[in-house]
Amino acid sequence: MLEHGGNLREAAQGFARPLADWVDLSTGINPRFYPVPALTANAWHRLPQQMPQLCDAAQEFYGAPSMLAVAGSQAAIQALPRLRLQQTGVARVIVSAPSYAEHAYQWRSQGHQLTELIYPDLSAAVTAGAVDVLVLCNPNNPTGATIPAATLLSWATQLALRGGWLIVDEAFCDSAPDLSVAAASGQKGLIVLRSVGKFFGLAGLRLGFVGAEPVLLEQLENMLGPWSVSGPAQEIAYAALTDSAWQRDTRGYLQEQAERMRQLLLEHGFTSQGTDLFLWCSDASLQGQTEDLFLHLAQRGIWVRLFLQAARGLRFGLPANQAEWLRLSLALQAWSTKTRETT
């Protein structure tokens, strides 16, 4: 099992601090989650056949021609390498790096020929025909880097001409719709993953969507099997996807909170980039003190995401309330004071 954000029990155990006394900024999940509505009386009783109106709502919200509901985009991330193996055998796969670690892990675990490339090298690999499947996050997790939709569509066309796939994980695209290629996901070879957990703050729902040509969606659905998404999850997601007023208010809220985080980090000398759900500080921005700052914050009960491999730096999610903002601000102020005293 790979390490992910949200592992607060591990933090509590490792730093001997009660679970309730932590500020968890280790994920990119909206801290102001969608208010779950009351469920129908038999929501837990019936086998969960897919609600037709759920995919209709998802297609409207994401702007995609066809979508399949899955038990979190993670379900598709795990299934697509197996589906490709069944169809064409071992593929030459490139996963952008740094990226969400599950992508490379799942393709490698199925025996595909995996290469990880930085963003600037992806275009040349596609043009040279050196790849059958290209996988990337847009915006990227954890760095927030982006690729224009026009570039992605060009790559998708080139790959499709030789039977390839372009898989675009748009888990953090809800607040940056101009980056999305979901509208083109009906074309052959383009697969788009979307997540309900991030923008709507409903990670525990385990619900996401895949946009692709209908034939591929049918193949993926057959591989995942019946009843893969619970009935209650479908009801809640349908309410969230059709609540345009909440969506509009939340986009404004997240923009304000992300800017607040950007300014707070800048006050202490840390430049950042990212999305409206998280900010990324590279090791260079942190003056090479990534691990020291991570430890400093953890000792004060603030859990951020530490990256030491392909990307070296810290990712900051958004505090949930004023008390959490204050704790983060005081911890960063203590760091700045300590740094000045030792220089």
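Right, let's walk through the structure included here. Computed from a predicted structure; not experimentally measured.

Looking at the nonpolar core
Formed by 83 residues in total, the largest nonpolar core has its most connected members in Leu-134, Leu-166, Phe-200 and Phe-209. Sorting elements by how many residues they give to this core places helix α9 (residues 244-267) first, with 7 residues. Core analysis: the next-biggest nonpolar cluster, separate from the first, contains 26 residues, Ala-76, Ile-77, Leu-114 and Ile-167 among them.

Details of the side chain of Glu-170
Note on placement: Glu-170 falls in the loop between β6 (165-169) and β7 (190-195). Classification of Glu-170 by relative accessible area gives buried; the value is 0%. Within the structure, Glu-170 has its side chain in polar contact with the side chain of Arg-194 (distance 2.8 Å). With residues up to four places along the chain from it excluded, the contact list for Glu-170 reads Asn-138, Leu-179, Ser-180, Val-181, Ala-182, Val-192, Leu-193 and Arg-194.

A closer look at the packing of helix α2 (residues 52-62) against helix α8 (residues 231-241)
One can describe the packing of α2 onto α8 by two numbers: an axis separation of 9 Å at closest approach and a directional angle of 35°. Crossing hand, α2 versus α8: left-handed. Facing α2, whose interface residues are Gln-53, Leu-54, Ala-57, Ala-58, Phe-61 and Tyr-62, α8 presents Gln-234, Ala-237, Tyr-238 and Leu-241. Its residues assigned to classes, the contact of α2 with α8 shows 8 nonpolar, 2 polar and no charged.

So, α9
Each full turn of the α-helix corresponds to 3.6 residues, which orients residues three or four apart in the same direction. Between its first and last C-alpha atoms α9 spans 35 Å; for 24 residues at 1.5 Å apiece the expected length is 34 Å, and the two agree. Among all positions in α9, only Trp-246, Gln-247, Thr-250, Tyr-253, Leu-254, Gln-257, Ala-258, Met-261, Leu-264 and Leu-265 are buried. Buried residues in α9 make contact with α2, α8, β10 (278-282), β13 (312-317) and α11 (322-341). Directly after α9, the chain includes Gly-269, whose backbone phi takes a positive value near 90°.

Thoughts on the sheet that holds strand β4 (residues 113-117)
Taken together, the 7 strands give an open sheet; going across it, the order is β2-β8-β7-β6-β5-β3-β4, and neighbouring strands pair in mixed fashion. Looking at the sheet topology across the chains shown, the edges are occupied by β2 (67-70) and β4. Between one strand axis and the next, the sheet turns through 20° on average, direction left out of account. Note: strand β3 (residues 92-96) against strand β5 (residues 133-137), 3 bridges, orientation parallel.

Reading the values: rules and limits
- Residues numbered from 1 in each chain as written.
- Predicted model: local features only at pLDDT ≥ 70, side-chain atom pairs only at ≥ 80, totals over all residues.
- Heavy atoms only, no water.
- Core = buried A, V, L, I, M, F, W, Y, C linked by side-chain atoms within 4.5 Å.
- Buried < 20%, exposed > 50% of the residue type's maximum accessible area, 1.4 Å probe, protein only.
- Helix = DSSP H or I, 4+ residues; strand = E, 2+ residues; numbered from the N terminus.
- Polar contact = N/O pair within 3.5 Å; in protein donor to acceptor, adjacent residues only side chain to side chain.
- Contact = heavy atoms within 4.5 Å.
- Axes fitted to C-alpha atoms, helices over the stretch in contact; angles between N-to-C directions.
- Left-handed = near helix turned anticlockwise from the far one by under 90°.
- Nonpolar A, V, L, I, M, F, W, Y, C, P; charged D, E, K, R; others polar.
- Expected span 1.5 Å × (residues − 1).
- Pairing = 2+ DSSP bridges.

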